[in-house]
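# Coordinates in review
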Amino acid sequence: MLKAADLPDDIEALKRLIIETDAAYAIARAELIAEQLEVERLRFQLAVMRRQQYGRSSEQLDTTIAQLSLTLEDLEASQAALPPVAAKVATRPERPVRRPLPPELPREDKVHAAPCSCPQCGGALRSAGEDVAEQLEWVPARLKVIRHVRPKYACDRCDTLVQAPAPSRPIARGLAGPGLLAHVLVSKYQDHLPLYRQSLIYARSGIDLDRSTLADWVGGASQLFEPLVDALGRYVRGSYKLHADDTPVPVLCPGRKTTRQGRLWTYVRDDRPAGSSDPPAVWFQYSPDRKGEHPSKHLRSFTGILQADAYGGFERLYGERIQEAACWAHARRYFYEVHAAHASPIALEALDRIKRLYEIEDEIRGRSPDERRAVRQARAGPELESLYAWLQATLPTVSKKSALAVAIRYALVRWPALTRYRDDGRLEIDNNAAERSLRAVALGRKNWLFAGSDDGGERAAAIYSVLGTAQLNGLDVEAYLKLLLERLPDHPVNRVDELLPWNVADQIPTMKAAA
């Protein structure tokens, strides 16, 4: 640190010293930001890879990833704001390669013409090619009014009036067209934008759409979707194997300022990892509590194997009609939490053994059930036998009340259900398909905070079913909702299966890879 006695008396020299000091400070700050950026980037990648590899998709991890993402954004913005001298030092690690802009986007050419004569000698110029640089621009979404005009005609002979029938609307006498209504639903349930915020956004465009009006639209749309959601439920329950899970949803108590816990249940049919061409689908149901009678009611017509966690309400289902396939991601989570808290070598050993099981699954994903069964029996079978013997030998060596003993007992008690996947190539090693379907609910819950009533919970279940199934099938969700809202008002209820996502996929754009 410079002392006052070290400062030069000459003003010009003092200015140079200040400039050099500022530059050195900027470079040091740039180096610090670059190091922080690299650390946060690696932490972010690690969190994402943990979830992808082991299916650890708890809300806590989702929150961690979201927080790390925001930290990365702030650090990258700080790095971008550095002066040029410092920016040269703070080069971004692993900077993504810029991909070409989609060719289907409209192009607008702005030609920057050069002088008509040579600036050096005044001679005539001839064309020598051109340089083209593309820039992505945002065009704000715009609203428009569609006027449905129905001319009237009168008969000169009998005075009969003739007029075309009024077109059907998604909501009877409603103001919203199918496109606007689809946008409101996607904004609320997929982009997690509460209705009061949407109302403020429309107000900026000069359109007065009160929150209560938007709520009426959401209610009308969910009612229109009911036959389609019933068809989705029948299709999902028609599978040999289902993934099931549930998540809490705070529900406002009428007349009070408190909430109670409702539940959203998810049932997923997705056999693509076993090489099936059957379309995937998800079916949500709402209940005001978590009593075991609800999954019993939901799955009354289902026969097959249920992949789920150890919730007691599911356990009452298991018997001759429904068999249990347990989730290795849940079993692994117990050991992970012990290792994270205590750096336990025993827990680490369990994690390494479970990791080997997942490595086998990575190799056979997408193969036929027969191939998967053969590989599992040959390779995962010995691993499972060794793991079982190790767990039995380890349990007496740890404290009976320890978290590690709880983790071991969890696996041993459910061993037949945990190993059922080995002998059936149609099953999965875990229940991550169901957990993935609940992420949108968890993210949305942080924005809309609670459902206003049980009816609101049922509406959410219906709309999440439609959105989630469209997304599983790779469709542009908003385009699919628009198609439904255009056709459902006049579509025969007994032919509603024709509007399931896979039956209209050729009429709807798919989601972009970047999405």
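All of these numbers come straight from a predicted model, not from anything done at the bench. (Residues numbered from 1 in each chain as written. Predicted model: local features only at pLDDT ≥ 70, side-chain atom pairs only at ≥ 80, totals over all residues. Heavy atoms only, no water.)

Structurally, the position occupied by Leu 161 is in strand β2 (residues 161–163). Residues contacting Leu 161, with those up to four places away along its chain left out, are Tyr 153 and Ala 154. (Helix = DSSP H or I, 4+ residues; strand = E, 2+ residues; numbered from the N terminus. Contact = heavy atoms within 4.5 Å.)

Take the side chain of Asp 430 next. With respect to the helices and strands, Asp 430 occurs in the loop between α13 (415–418) and α14 (432–437). Here Asp 430 is buried and forms no salt bridge, its nearest opposite-charge partner Arg 436 lying at an N-O distance of 5.9 Å. Engagement of the side chain of Asp 430 in a polar contact is seen with the side chain of Asn 432, the distance being 3.0 Å. In contact with Asp 430, other than residues within four places in its own chain, are His 243, Gln 307, Cys 327, Trp 328, Ala 329 and Tyr 358. (Buried < 20%, exposed > 50% of the residue type's maximum accessible area, 1.4 Å probe, protein only. Lys, Arg positive; Asp, Glu negative; His and termini not counted. Salt bridge = Lys/Arg side-chain N within 4 Å of Asp/Glu carboxyl O. Polar contact = N/O pair within 3.5 Å; in protein donor to acceptor, adjacent residues only side chain to side chain.)

Following the criterion strictly, the structure yields 10 aromatic pairs and no others. Ring centres 4.6 Å apart and planes at 40° place the aromatic pair Tyr 235 and Trp 502 in the tilted group. Of the two residues, Tyr 235 is situated in helix α6 (residues 211–237) and Trp 502 in the segment after α17 (477–487); the sequence distance between them amounts to 267 residues. Owing to a relative accessible area of 18%, Tyr 235 belongs among the buried residues under this scheme. When the ring of Trp 265 is compared with that of Phe 314, the centres are 6.0 Å apart and the planes differ by 85°; the resulting orientation is edge-to-face. You can see Trp 265 sitting in strand β4 (residues 259–269) and its partner Phe 314 sitting in helix α8 (residues 312–315), a full 49 residues away along the chain. For the pair Trp 265 and Phe 314, a shared accessibility class is recorded, and that class is buried. Taken together through their ring pairs, the aromatic side chains of Tyr 189, Phe 284 and Tyr 464 make up a single cluster. Taking the ring centre of Tyr 189 as reference, the NZ or CZ of Lys 188 above it sits at 5.2 Å. (Phe/Tyr/Trp six-rings, centres within 6.5 Å; stacked < 30°, edge-to-face > 60°. Lys NZ or Arg CZ within 6 Å of the ring centre and 35° of its normal.)

This next bit is on the packing of helix α9 (residues 328–342) against helix α10 (residues 345–364). In contact at an axis separation of 9 Å, α9 and α10 are set at 150° when each is read in the N-to-C sense. For the element pair α9 / α10, the angle class is roughly antiparallel. The two elements α9 and α10 meet at a crossing, and its hand is left-handed. Packed against α9, whose contacting residues are Trp 328, Ala 329, Arg 332, Phe 335, Tyr 336, Val 338 and His 339, the element α10 presents Ala 347, Leu 348, Ala 350, Leu 351, Ile 354, Leu 357 and Tyr 358 at the interface. The class makeup of the residues in the contact of α9 with α10 is 12 nonpolar, one polar and one charged. (Axes fitted to C-alpha atoms, helices over the stretch in contact; angles between N-to-C directions. Parallel < 35°, antiparallel > 145°, perpendicular 65-115°, else oblique. Left-handed = near helix turned anticlockwise from the far one by under 90°. Nonpolar A, V, L, I, M, F, W, Y, C, P; charged D, E, K, R; others polar.)

A few words on the pairing of β4. Of all 11 residues in β4, eight are buried; the element is thus mostly enclosed. As paired strands, strand β3 (residues 241–252) and β4 are joined by 10 bridges and run antiparallel to one another. Its bridge partner lying in β4, Thr 247 is registered against Leu 264. Examined bridge by bridge, β4 and strand β5 (residues 281–287) share seven bridges and lie antiparallel to one another. Counterpart to Thr 266 in the pairing with β5 is Phe 284. (Pairing = 2+ DSSP bridges.)

The next subject is the side chain of Ser 187. Along the chain, Ser 187 falls in helix α4 (residues 178–189). Separated by 2.8 Å, the side chain of Ser 187 and the backbone oxygen of His 183 make a polar contact. With residues up to four places along the chain from it excluded, the contact list for Ser 187 reads His 192, Leu 193 and Gln 198.

Before going further, it helps to spend a moment on the nonpolar core. In terms of nonpolar packing, the biggest core is built from 70 residues, with Phe 225, Leu 306, Phe 314, Tyr 480, Leu 481 and Leu 484 touching the most fellow members. Per-element accounting of this core gives the leading share, 12 residues, to α6. Residues in contact with Leu 481, not counting those within four places in the same chain, are Ala 182, Leu 185, Val 186, Phe 225, Val 466 and Leu 467. Membership of the second largest hydrophobic core comes to 38 residues, among which are Cys 327, Val 338, Val 398 and Trp 415. (Core = buried A, V, L, I, M, F, W, Y, C linked by side-chain atoms within 4.5 Å.)

Okay, the pattern of salt bridges next. Throughout the structure, instances matching the rule amount to 20 salt bridges. With a closest N to O distance of 3.3 Å, Arg 365 and Asp 362 form a salt bridge. The partner of Glu 363 in a salt bridge is Arg 379, and the shortest N-O contact between them spans 2.7 Å. Placement of Glu 363 in helix α10 and of Arg 379 in helix α11 (residues 369–394) is noted, with a sequence separation of 16 residues between them. When its relative accessible area of 44% is taken as the criterion, Glu 363 is described as partly exposed.

On to the confidence of the model for the protein. Confidence in the prediction of the protein, expressed as mean pLDDT, is 84, and 82% of residues score 70 or more. Mean pLDDT values over the elements of the protein span from 51, in helix α3 (residues 84–87), up to 97, in α11. Long-range and interchain partners of residues 89–93, a stretch whose pLDDT sits below 50, account for 14 contacts in this model, where long-range means more than four residues apart. (pLDDT = per-residue confidence, 0-100.)

A separate point is a negative patch on the surface. Side chains of Glu 108, Asp 109, Glu 130 and Asp 131 sit close together on the surface and give a patch of like negative charge. Residue position: Asp 131 is located in the loop between α3 and β1 (152–154). For Asp 131, a relative accessible area of 81% puts it in the exposed group. (Patch = residues over 30% accessible without salt bridge, like charges linked within 9 Å, V, L, I, M, F, W, Y side chains within 5 Å. Areas by Shrake-Rupley, 256 points an atom, 1.4 Å probe, with all protein chains shown as cover. Charge placed at Lys NZ, Arg CZ, Asp CG, Glu CD.)

The geometry of α10 relative to α11 is characterised by a closest axis approach of 10 Å and an angle of 175° between their N-to-C directions. Overall, the two elements α10 and α11 adopt an arrangement that is roughly antiparallel. Taken together, the residues of α11 that come into contact with α10 (itself represented by Ile 346, Glu 349, Ala 350, Arg 353, Ile 354, Arg 356, Leu 357, Ile 360, Glu 361, Glu 363 and Ile 364) are Arg 372, Val 375, Arg 376, Arg 379, Ala 380, Glu 383, Leu 384, Ser 386, Leu 387, Trp 390 and Thr 394. Of the residues assigned to the contact of α10 with α11, the class counts are 11 nonpolar, two polar and nine charged.

Peptide bonds are, in most cases, trans, and in most cases residues other than glycine have a negative phi. With a phi angle near 65°, Asp 159 is a residue other than glycine that sits in the positive phi range. By the secondary structure assignment, Asp 159 is in the loop between β1 and β2. Even without being a glycine, His 192 presents a positive backbone phi close to 60°. For His 192, a relative accessible area of 12% translates into the label buried.

In this fold, Leu 317 is placed in the loop between α8 and β7 (322–325). Judged by relative accessible area, Leu 317 falls into the buried class, the value being 10%. Measuring from C-alpha to C-alpha, the distance between Leu 317 and Leu 306 comes to 9.1 Å, with 11 residues separating the pair along the chain. Beyond its immediate stretch of four places on either side in the chain, Leu 317 contacts Pro 295, Ser 296, Leu 299, Leu 306 and Ile 322.

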